[in-house]
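# Notes for the structure review
What follows is the residue order along each chain.
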Amino acid sequence: MGPRLSALPIILLLLLAAALAAVLYVAVRMMTAPRPVITLARPFDMVGRNSVLSLDVRDRTGLRSVKVTVRQGDKEQTVVDETFQPPRPQAHEEWRPARETRFRLTEGPGTVRVEARNASWGGFFKGRTASFEKTFTARLTPPRIEVLTTQHYVNQGGCDMVVYRVTPPGAESGVEAGNAWFPGFPMPGASDPAIHFALFAYPYDAAAGTTIRLKARDEASNEVLAGFNLKVFPRTFRTRALDISESFLQKVVPEILSQSPAVQDQGDLLKSFLVINRDLRKMNNKALADLARRSQPRRLWKEPFRQLGNSQVEASFADHRTYMYQGREVDRQDHLGYDLATTAHAPVSASNDGVVLLAEYFGIYGNTIVIDHGYGLLTVYGHLASFAVKAGDKVERGQLIAQSDSTGLAGGDHLHFSVVLQGQQVDAREWWDPHWIEDRIMTKLREFGQGAAPAPASTPATPPPTRHSHPPAAARRRR
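Quick look at the structure, then. (Residues numbered from 1 in each chain as written. Predicted model: local features only at pLDDT ≥ 70, side-chain atom pairs only at ≥ 80, totals over all residues. Heavy atoms only, no water.)

Attention now moves to the overall build of the protein. What the protein contains, in helices and strands, is 6 helices and 29 strands. Taking all 479 residues of the protein together, 49% fall into the buried category. Of the contacts made within the protein by residues no fewer than 6 positions apart, 68% connect residues no fewer than 24 positions apart. Total accessible area on the protein stands at roughly 23,400 Å², and carbon and sulfur atoms take up 51% of it. (Helix = DSSP H or I, 4+ residues; strand = E, 2+ residues; numbered from the N terminus. Buried < 20%, exposed > 50% of the residue type's maximum accessible area, 1.4 Å probe, protein only. Contact = heavy atoms within 4.5 Å. Areas by Shrake-Rupley, 256 points an atom, 1.4 Å probe, with all protein chains shown as cover.)

Quick look at the structure:
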């Protein structure tokens with residue numbers, strides 16, 4: 001019996017050590033248990049009617065509950081109270097003040113508090129908690145728009161200008177035309193900083209009935225829409241068939257591929273041409289829209305724009321082209337500019353004052369110059385032989401900038417000329433027309449902003465045929 005009794009203290013000591021180890025393990029797990037991680041999925045600093053409190057909550061041991069309270073002054077309200085059974089590793093919670101029926105935000109400051117509890121051993125097996133607190137300012141009054149110009153006439157594919165007052169003046173505003181956006185700018189020289197203007201276009205490919213309206217959005221994401229008196233003149237653009245010859249493919253495809261690393265050689269001239277005509281055309285037009293976003297927020301020109309001297313129009317704006325190869329149709333694309341022909345290697349001058357944004361080989365347009373004229377208005381000169389200017393240069397109306405040629409997707413020597421407004425290619429004929437410039441732009445600048453000198457009554461070197469629909473004189477006087 002003696003030896004057996006002597007082993008008892010050792011067993012007890014081992015049991016006590018195991019119990020202490022277990023207690024220590026539990027204590028360490030309780031003290032080192034992780035807390036939930038709470039993050040805001042979007043900013044919640046300036047809160048408007050359309051704002052959303054968006055939360056992501058994560059925990060590797062599993063979430064048991066998430067609670068969100070909002071306090072303004074002496075009022076506090078629980079707006080989210082979620083429990084999870086079984087616990088989950090993550091939760092996404094949203095609270096939309098505009099849909100709240102129990103608690104209405106008021107203008108001014110407030111505080112949002114988030115508390116999340118996990119399923120860990122922390123908190124004496126109740127789980128550990130994490131809290132997050134954020135102050136915000138509620139701005140619930142939307143901007144206001146007052147249209148100041150009374151009549152607006154726009155051709156399909158053409159432009160016009162609307163003048164309006166927007167408050168607060170710092171609100172982002174502009175014209176929404178279908179999916180196109182034309183930002184507004186403070187009216188230069190206006191005594192009231194709330195007076196803005198927007199040059200806008202009715203896109204050439206806009207569906208009938210496309211809505212055009214003013215839109216303003218403040219820093220709290222409050223939005224307001226306003227219609228204005230607008231008469232749209234629809235147009236039907238012509239369709240032309242173009243025959244693609246083997247010699248044309250051999251001329252243009254290798255050159256463009258060698259200068260355009262974004263396009264892969266398809267191992268076949270026709271297939272490569274189709275990729276160039278479709279995909280590279282889209283890339284180039286997107287790049288022009290990107291360049292328009294770099295335009296200076298001021299008017300860089302004074303006089304009407306000029307057509308290439310002594311030139312004849314060979315292809316018009318928004319021609320629908322059907323491409324034929326060996327008697328069958330292989331592609332359809334729209335030509336968004338004017339092809340102007342004169343003599344080979346004719347001198348090309350700047351259509352108006354501005355700053356050169358681009359002077360380089362530019363895909364389907366070949367050697368190309370793009371000039372910024374301010375407020376998102378650009379002119380494009382394509383298929384050039386050489387450059388007499390570089391990016392960053394200031395140029396004047398009539399200044400020599402290049403010579404014409406047939407680089408890029410061109411069958412012969414000519415100038416491709418187009419006008420871009422905020423990424424939308426528009427009909428250049430309007431901008432060549434002194435009457436249109438005076439009627440649609442200068443009159444409004446003088447009436448609501450700085451005194452702008454009237455556009456001279458001179459005509460372009462080669463007057464283009466007038467195809468615009470102008471309002472009656474009495475209607476023009478009402479603007």
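Time to look at the sheet that holds strand S7 (residues 144-147). Spatially, S7-S9-S13-S12 is the arrangement adopted by the 4 strands of the open sheet, whose pairing is antiparallel. Looking along the sheet, the strands with just one partner apiece sit at the ends: S7 and strand S12 (185-186). With 4 bridges connecting them, S7 and strand S9 (residues 159-167) associate as antiparallel partners. Residue pairing in the sheet places Ile145 in a bridge with Val166 of S9. Each of S9 and strand S13 (195-201) is contacted by helix H5 (residues 434-448), which is oriented at about 20° to S9, the strand it contacts most. (Pairing = 2+ DSSP bridges. Axes fitted to C-alpha atoms, helices over the stretch in contact; angles between N-to-C directions.)

Below, the discussion takes up the nonpolar core. Membership of the largest hydrophobic core comes to 66 residues, with the highest contact counts inside it found for Ile369, Tyr381, Ile401, Trp431 and Ile441. Leave out the neighbours within four places in its chain, and Ile441 touches Met161, Leu199, Trp301, Trp431 and Trp436. Membership of the second largest hydrophobic core comes to 31 residues, among which are Leu270, Ile276, Tyr325 and Leu357. (Core = buried A, V, L, I, M, F, W, Y, C linked by side-chain atoms within 4.5 Å.)

Space left empty within the atom packing is revealed by a probe, the size of a water molecule, rolled over the atoms. Evaluated as defined, the whole model comprises 2 cavities of 30 Å³ or more. The volume enclosed by the largest cavity comes to roughly 80 Å³. Elements that contribute at least two residues to the lining of the largest cavity include exactly S13 and H5. Of the residues contributing to the lining of the largest cavity, the split by class is 8 nonpolar, 2 polar and 1 charged. Of the voids in this model, the second largest cavity is the one considered here, and its volume is about 30 Å³. Together, Arg306, Gln307, Leu308, Ser349, Ser351, Tyr381, Leu415 and Phe417 line the second largest cavity. Residue composition of the lining of the second largest cavity, grouped by class: 4 nonpolar, 3 polar and 1 charged. (1 Å grid on protein atoms, 1.4 Å probe; cavity = no way out; pocket = protein on both sides within 12 Å on 5 of 7 lines; lining within 4 Å. Points joined across faces, edges and corners; volume = space filled by probe spheres on them. Nonpolar A, V, L, I, M, F, W, Y, C, P; charged D, E, K, R; others polar.)

To continue, consider the packing of aromatic side chains. Enumeration according to the criterion identifies 19 aromatic pairs in this entry. Considering the side-chain rings of Phe200 and Phe228, the 5.6 Å spacing of their centres and the 70° angle between planes classify their relative orientation as edge-to-face. Of the two residues, Phe200 is situated in strand S13 and Phe228 in the loop between strand S15 (223-226) and strand S16 (231-233); the sequence distance between them amounts to 28 residues. In this structure Phe228 comes out as buried when scored by relative accessible area, which is 12%. Stacked on the ring of Phe233, the Lys or Arg Lys231 has its end atom at 5.8 Å from the ring centre. Here the basic side chain of Arg299 rests over the ring of Trp301, its NZ or CZ set 5.3 Å away from the ring centre. (Phe/Tyr/Trp six-rings, centres within 6.5 Å; stacked < 30°, edge-to-face > 60°. Lys NZ or Arg CZ within 6 Å of the ring centre and 35° of its normal.)

The subject of this paragraph is the layout of surface pockets. Here the largest pocket is characterised by a volume of approximately 500 Å³. Lining the largest pocket are 27 residues, and of these Leu242, Arg321, Asp339, Leu409 and Gly411 sit closest to its centre. Within the residue set of the lining of the largest pocket, elements represented by two or more residues are strand S17 (239-243), helix H3 (269-292), strand S18 (312-315), strand S19 (319-325) and strand S20 (328-335). Residue composition of the lining of the largest pocket, by class: 10 nonpolar, 10 polar and 7 charged. Space inside the second largest pocket adds up to approximately 380 Å³. Lining the second largest pocket are 21 residues, and of these Tyr204, Asp205, Leu336, Gly423 and Gln424 sit closest to its centre.

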